[in-house]
Amino acid sequence: MATTTATESIPSWRYTWGVRWRLWRQNSLEFWRELRKHPVSVAGGVVVLLYVLAAIFAEQITWHSPELGNLRNRLMPPAFMAGGSWEFPLGTDAQGRDIYTRIVFGARISLLVGVLSVGVSMVVGVALGALAGYRRGRIDSLISRFADLLLAFPFLIFAIGMMAFLGPGFVNLILALTFKGWVEFFRLARGDMIAEGTREYVEAARITGQKDWQIVVSEMLPNILPTIFVLTTLRIGFMIVTEASLSFLGLGIQPPTPAWGSMVADGRNHLLNAWWVSTMPGVAIVALVLAINLFGEGLRDVLDPRLKIE
Amino acid sequence: MRLVKILERLLAAIPIMIGVAVIVFLFMRLTPGDPVDIMMGQGGMVTAGEIERLRSEFNLDKPLHEQLALFLFGLLRGDMGNSFTKQRPVAQLIAERLPATIELALGAMLFGLLVAFPIGIISAVRQNSLTDRLSMAGAFLGISMPPFWLGILLILIFSVHLKWLPVQGRIGADVHLTTVTGFYVLDSILTGNREALISSLRHLVLPSVTLGAAVAAIVARVLRSSMLECLRSDYVKLARAKGAGEFSAVAKHALRNALIPTVTVVGLQVGVLLGGNMIVEAVFGWPGLGRLVVDAIFARDFPLVQGAVMVYAFTFVAANLIVDVLYTYLNPKIEM
Amino acid sequence: MRTIKHLSIPLLLLVSWLLSACAAPIAEAPVGEAAPTVKTLVVGLAEAPLTLDPADHRNRTTETVIRNMFDGLVTRDTRNGVHLELAESAELLDPVTWEFKLRRGVKFHDGSEMTADDVVFTFNRIIQENMIEYPEPHTSPRKGLIAPLQEVEKVDDYTVRLHLSAPWPPAMQLFVHQQVVPQAYLEAVGTKGFVEQPIGAGPFKFVSGQLDDQIVMERFDDYWGGAPTLPPVGPACVDRAIFRVIPEASTRVAALLAGEVHIIQAVPPELVGALMQSPDVVVKTAPGTRPKWVELNVNQPPFDNKLVRQALNHLVDKDLIIEAIYEGRAVPLPGVLSPFNDFADPSLSPYPYDIDRGLALLAEAGITDANGDGKLDWEGTTWSFVIDTIEEHRQLGEAVVSQLQQAGVDANLRLWEYSVVRPMLLAGERTAYLGDWGDSAFDPVGHMEAKWHGIVEGSPYGRGNFSGYNNPRVNELIVAGETETNVDKRREIYNEAQAILYEEAPAIFLILPEEVEASRANVTNWEPASDSRINLHDVCLE
């Protein structure tokens, strides 16, 4: 017995991942069956997909410049209103730009803002959370203290301060949103890791001599991913709305880049005489964020075993 | 035992507060933009001497570490310095504004809970029904709309077109109210001023709805999922098996236990509400802390920003602590 | 059970609070009937005043509020005419001495009479060091506004002399901005007490208020009447005047439409259309005092070539911008000075919109579309540059950039915070800046020395010079104009300077927007003023 080396008793990577893949395929089939019970969530998912497609094929489905307008075409009403034309399906803004075109191109910006800021937050937060939750001890308390510190700043104030510090712009916006955004993921990941750490399979993996990073990456992370994923969907919606709030304060994305937040903010003074300027991008935001949230809620119902219907 | 734990937590909050103070201090100094420059505006003449003088008045001519020390020692004495732009003590400015902000936060919380509880409970009881889907979708609207847009739309609909509710401010311009605490609703009751009570409540409605919409969504979501969890749990099944009515099973057992995670979220939302309302305050002309601090950031009014952020951080840490304490009362199994 | 018990108390309180709150309106009789018909006028301000101490700020809105409670030696009408207010006469004894005879029988709100002592105290409080003791001793930020004033002398109880360091033609325009405070009261209560309960000699007295929320004033029945040259004379018309702070423009407009306020300031041009549709509302304008231009860095090639700068002036269609973005409420700039300035040269007219001429000038400077991609090229590559601006001018900036782009110029907009970009502009690190420069004194001095004089470190000269323009002849003329007291000679000086600047075009001269304000239709006798003052003394409610 004693002569058996650790390496012999560990199944090869190839084998483990093979099993994993079969399990995953089986699970995902079940996942889709479950998800079908949530038609509203599926609809949400479809809407999100449509937005993504629109963002990717923006050039192909629009016929105006998103940035340059002609003042002579300003504030034209949408096609379905008197005086509107299909040339500008959703009307034009104060600069004479086509609102439809700007919304489609704006989907790129808004989705990127949401996905990038949350993506970076998630990677940083989960990595640090896994480290802290698995290792505990001094490193845990160090990161946790720093997280508590950041958490004590109100999010919007922090973002405003960061934007003042960095200046307006796309990359700066992502940075400002990420700098505090990772804390949520950190807390969730850390808590889950601590909980997972007490379970038998981790102990089993340790006994078989797996390295720490292998245990964390291949054994524990897959188990906490579902909850992380749900949080991700929620945060993406939050970030898109936050971008709009920052635009309202004049700290959004540089003009003339079409971003929904600044389109809504710009158009608010026209609500009384040209309601479409602000309302159209507003509806675009609401539809996307609502769709993301509904999708996320469905995921949660499906992924969280405690909520399953028997 | 519990008291010792609370004290421990209080002590742990001290380094956090110091950290917040240092971060906000450095952050403001490193942000480009000169407060003196902004103050002098464009008109008239500004001499170099004048700028020098203002700099030394604001202690901006001292080395950074000295300024930091002045700020930290001031905090120890409870002195947050004087605002650059308003030439008044920061503590006084914040104290004037805080009641407005808290009043709005309470109004928003009340609205949020009033909407969230029915939606959360019904959605959970009728999981996956059309009612569940629609009411949750409705609740999610609250976190899907940029608050400034929602606020302006509400004003245009309910104030300008329907004329049901006032547009802005905390109380009617010609309504007289003797302020006692700074909370207008409370002051109206204390001084028995019916007109002021009605006016301040009417002014509170739209901002509370705008700010509370997000709370409603978040709380409804948590309440629903924790109710679901509880409804599937053994003791509710047991209660049902014992012949308890469906209402009693839901109300007595599931809801009670579902309240535990809900309280946590509600507590955290208090911090969010207090710190996240600058948009709503700006839209509704609500003279609260949020607007003050945003203006201060743009004016690089260092002492005012520092003071306000300290107050926010304190509120947040306190709200967290209270939630933790409440938690142990709600669920005696959990230790702090 | 334990849980329920603990929760029930706060919940019960919550519900009872809610019920009582909701029940109140039903249980009680209709409100607001008992009060007698008090005429209350409410004004919506765009920003909060900073203080109620006339000597301790440097902010237009603050002065707007203060001047309804305080009077000065002189005042200004809604344009740029200066009128005697607390002074009965003003005389320039010699080029550096002004003598003011004060009106007798003018009362402060506490009933005490205004005398020369109060005037001397008022000015000393501004020009002497560390005269304001609260919250910590500091010097009035208004000192720089009347920098040439050296000494204030009391001749007798009703005569004061103001001694200047040098001849100062715009003196009267700047005395308008200083209001007289009561010495005895202020010394008795200190600055802290004074700020909490200010007392002046103006048409309204302070009742209550928080600066960031609202300031309530009441008519001062013993008011001396106001400038006789600006009728009506006598106590104010309305009983109460309230200034309410409503920073968000669309909310301000909504409040006016809903009838919550009677007058609003700073109506953004895009909201004018909506206001005009309502029969209950009147929109009025006054000539503005904040010209807007794109300053071009004259030390940075190719902007060091005046042909390029002139060309850009031809490529912007100012009239279309005025019509589309400003709803017609602006005028094109004929050079560096506002056309409403007394010293504006009437022979200059705005650069005409002429793409061909502009492109020809650029070609002459070596900028053409060499590779035929529709964008102009310079020295072998696409000629592209950034125009910096701040959020406030964004709409205008987007329109300008869009027009330049249509002409083939690859100009792009970049937004900054003013406080961040300003040092970079002064250091000559940026290429172009779209901005404005406010000067309500209506005298060329303010604009000329700040914007078009070469930068002289540590002096007011060129402190707003973002183009780096530095022409010895223009500098000379600007300095000469500052102290020249002969109006005709002064006009000659400024005409020459304007002609040079027009020709050299250190900026794209854009537009001068009007100050747009609006009121309810039942507000009478109200006119917006160019310096954004809202003089409620004359205003009535029907």
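A quick note: this is a predicted structure, and the numbers were derived from the prediction, not measured.

Draft legend 1. Layout of the overall build of chain B. Secondary structure assignment for chain B yields 14 helices and 0 strands. Shown N-terminal to C-terminal, the secondary structure of chain B runs as helices and strands in the order α-α-α-α-α-α-α-α-α-α-α-α-α-α. Taken over the C-alpha atoms alone, chain B extends approximately 85 × 55 × 40 Å along its principal axes. Counting over 336 residues, chain B shows a buried share of 58%. A sequence separation of at least 24 residues applies to 71% of the contacts in chain B between residues at least 6 apart.

Draft legend 2. Molecular detail of the interface of chain B and chain C. Listed as interface residues are 62 residues of chain B and, on the opposing side, 65 residues of chain C. Both sides together, the interface formed by chain B and chain C hides about 5700 Å², and carbon and sulfur atoms give 57% of it. Taken together, the links from chain B to chain C amount to 3 salt bridges. The shortest N-O distance in the salt bridge between Glu417(C) and Arg300(B) comes to 3.0 Å. Seen at the junction of chain B and chain C, the total is 13 residue pairs in polar contact (both at pLDDT 80 or more).

Draft legend 3. Region of interest: unusual backbone geometry. Cis geometry marks the peptide bond from Pro255(A) to Pro256(A), where omega comes out at 0 degrees. Checked against the element boundaries, Pro256(A) lands in the loop between helix H10 (212–248) and helix H11 (260–267). Residue Pro302(C) is bonded to the preceding Pro301(C) through a cis peptide linkage, with omega at 0 degrees. Within the fold, Pro302(C) resides in the loop between strand S13 (292–296) and helix H8 (306–315). Its identity is not glycine, yet Lys163(B) carries a phi of approximately 60 degrees, on the positive side. Within the element layout of this structure, Lys163(B) appears in the loop between helix H7 (147–161) and helix H8 (184–190). Phi is positive for Ser532(C), close to 60 degrees, though the residue is something other than glycine.

Draft legend 4. Structural context of the confidence of the model for chain B. All names here are of chain B. Residues at a pLDDT of 70 or more form 92% of chain B, whose mean pLDDT is 84. Element-level pLDDT for chain B is lowest in helix H10 (residues 234–241), with a mean of 72, against a maximum mean of 93 in H7. In the predicted assembly, ipTM is 0.87 and pTM is 0.87.

Draft legend 5. Just the sheet that holds strand S12 (residues 281–286) of chain C, in detail. Residues and elements named next belong to chain C. The strand order across the open sheet built from 7 strands is S8-S9-S10-S1-S11-S22-S12, with neighbouring strands paired in mixed fashion. Strand pairing shows two members of the sheet lacking a second neighbour, strand S8 (204–210) and S12, which therefore form its edges. When strand S11 (residues 263–264) meets strand S22 (residues 515–520), the two strands line up antiparallel, connected through 2 bridges. Residue pairing across strands places Ile263 opposite Ser519, the latter belonging to S22.

Draft legend 6. Examining the interface of chain A and chain C more closely. Chain A puts 24 residues into the contact, and the matching count from chain C is 30 residues. Summed over both sides, the interface of chain A with chain C buries roughly 2400 Å², with 48% coming from carbon and sulfur. By the criterion of area lost to chain C, the three top residues of chain A are Leu71(A), Pro255(A) and Asn269(A), representing 25% of everything that side buries. When the shortest N-O distance is used, the salt bridge between Arg97(A) and Glu398(C) registers 2.4 Å. Taken together, chain A and chain C are joined by 10 residue pairs in polar contact (both at pLDDT 80 or more).

Draft legend 7. Looking closely at the packing of aromatic side chains. This model, assessed by the stated rule, comprises 30 aromatic pairs over all chains. For the ring pair Phe158(B) and Trp164(B), a centre distance of 5.9 Å and an interplane angle of 40 degrees mean the geometry is tilted. Since its relative accessible area comes to 25%, Phe158(B) is described here as partly exposed. Taking 5.1 Å as the distance between ring centres and 40 degrees as the angle between the ring planes, the aromatic pair formed by Trp383(C) and Phe385(C) counts as tilted. Judged by relative accessible area, which is 6%, Phe385(C) ranks as buried. Through a chain of ring-to-ring contacts, three or more aromatic side chains come together here, namely Phe153(A), Phe158(A), Phe165(A), Phe179(A) and Phe27(B). The ring of Trp416(C) has Arg414(C) lying over it, and the distance from NZ or CZ to the ring centre is 4.2 Å.

Draft legend 8. Main features of the state of the cysteines. Residue and element names in this part refer to chain C. One pass over the full model with this rule turns up 1 disulfide over all chains. The disulfide partner of Cys237 is Cys540, and the S-S distance across this bridge is 1.9 Å. Its S-S torsion of about 115 degrees marks the bond between Cys237 and Cys540 as right-handed, since a negative value means left-handed. Of the two residues, Cys237 is situated in the loop between strand S9 (214–219) and strand S10 (240–245) and Cys540 in strand S24 (residues 540–541); the sequence distance between them amounts to 303 residues. For Cys237, a relative accessible area of 25% puts it in the partly exposed group.

Draft legend 9. Highlighting empty space enclosed by the protein. Enumeration over the complete set of coordinates arrives at 13 cavities of 30 Å³ or more. In this model, the second largest cavity occupies a volume close to 160 Å³. Of all the elements in the fold, those that place two or more residues in the lining of the second largest cavity are helix H5 (99–135) and H11 of chain A together with helix H11 (394–406) of chain C. Its residues assigned to classes, the lining of the second largest cavity comprises 6 nonpolar, 5 polar and 6 charged.

Draft legend 10. Up close: the sheet that holds strand S4 (residues 87–94) of chain C. Residues and elements named next belong to chain C. The strand order across the open sheet built from 4 strands is S4-S5-S7-S6, with neighbouring strands paired in antiparallel fashion. Edge strands, defined here as strands with exactly one partner in the open sheet, are S4 and strand S6 (149–156). Pairs of neighbouring strands in the sheet enclose a mean axial angle of 20 degrees, with direction left out of account. Of the pairings in the sheet, the one linking strand S5 (residues 97–102) to strand S7 (residues 159–164) comprises 5 bridges and is antiparallel in character. By the bridge assignment for S7, Glu99 is matched with Arg161. The strands touched by helix H3 (residues 116–127) within the sheet are S5, S6 and S7, with S6 carrying the most contacts at an inclination of about 170 degrees.

Draft legend 11. Summary view of the side chain of Asp213(C). Topologically, Asp213(C) is positioned in the loop between S8 and S9. Buried charge without a salt bridge: Asp213(C), with Arg244(C) as the nearest opposite-charge side chain at an N-O distance of 5.0 Å. There is a polar contact of 3.5 Å between the side chain of Asp213(C) and the side chain of Tyr184(B). The residues contacting Asp213(C), other than those within four sequence positions of it, are Tyr184(B), Pro287(B), Phe243(C), Arg244(C) and Val245(C).

Draft legend 12. Molecular detail of helix H12 (residues 276–303) of chain A. In this model, H12(A) (28 residues) spans 39 Å end to end at C-alpha, consistent with the 40 Å of a helix rising 1.5 Å per residue. Taking burial as the measure, the 28 residues of H12(A) include 23 buried ones, the bulk of the element.

About the criteria used
Per chain, the residues get numbers from 1 upward, laid out in the order the sequence is written. Just so you know, chain letters begin at A and ligand numbers begin at 1, following the order they were written in. Thresholds applied to this predicted model are a pLDDT of at least 70 for local features of residues and 80 or more for the giving and counting of side-chain atom pairs; totals over whole chains, interfaces and linings are not thresholded and use all residues. Side-chain figures throughout are based on the complete set of non-hydrogen atoms in the structure, without hydrogens or water. Labels follow the DSSP assignment, with helices taken as runs of H or I lasting at least four residues and strands as runs of E lasting at least two, numbered in each case from the N terminus. Each residue is placed in one exposure class: buried if its accessible area under a 1.4 Å probe, protein chains only, is under 20% of its type's maximum, exposed if it is over 50%, and partly exposed if it falls in between. Only heavy atoms matter for contacts: two residues are in contact if any of them lie within 4.5 Å across the pair. Accessible area, probed at 1.4 Å, shrinks when two parts are joined; the buried area is that loss added up over both. We define a salt bridge as a side-chain nitrogen of Lys or Arg found within 4 Å of a carboxyl oxygen belonging to Asp or Glu. Pairs of N or O atoms within 3.5 Å make up the polar contacts considered here, provided that, within protein, one atom can donate a hydrogen while the other can accept it, and that residues adjacent in sequence are counted only when both atoms are side-chain atoms. Every residue gets a pLDDT, meaning the predictor's confidence in that residue, from 0 to 100. The pairing criterion is simple: DSSP has to find at least two bridges between the two strands. Working definition: rings of Phe, Tyr and Trp (its six-membered ring) pair if their centres are within 6.5 Å, and the pair is stacked with planes under 30 degrees apart, edge-to-face with planes over 60 apart, and tilted otherwise. Both a distance and an angle decide whether a charge sits over a ring: NZ of Lys or CZ of Arg must be within 6 Å of the ring centre and within 35 degrees of the ring normal. Note on disulfides: each one is a pair of cysteine sulfur atoms within 2.5 Å. Two kinds of site are reported from a 1 Å grid over the protein atoms alone, namely cavities, where a 1.4 Å probe fits but cannot get out, and pockets, open sets with protein on both sides within 12 Å along at least five of seven lines, and residues are called lining when an atom falls within 4 Å of a point. Grid points are joined across faces, edges and corners, and a volume is the space filled by probe spheres set on the points. Note on residue categories: nonpolar means Ala, Val, Leu, Ile, Met, Phe, Trp, Tyr, Cys or Pro, charged means Asp, Glu, Lys or Arg, and polar means any other residue, Gly included. Note on method: axes are straight lines fitted to C-alpha atoms, helices fitted across the in-contact stretch only, with angles between N-to-C directions ranging 0 to 180 degrees. When charges are counted, neither His nor the chain ends are considered; positive counts come from Lys and Arg and negative counts from Asp and Glu. Multiply 1.5 Å by the residue count of a helix minus one, and that product is the helix's expected span.

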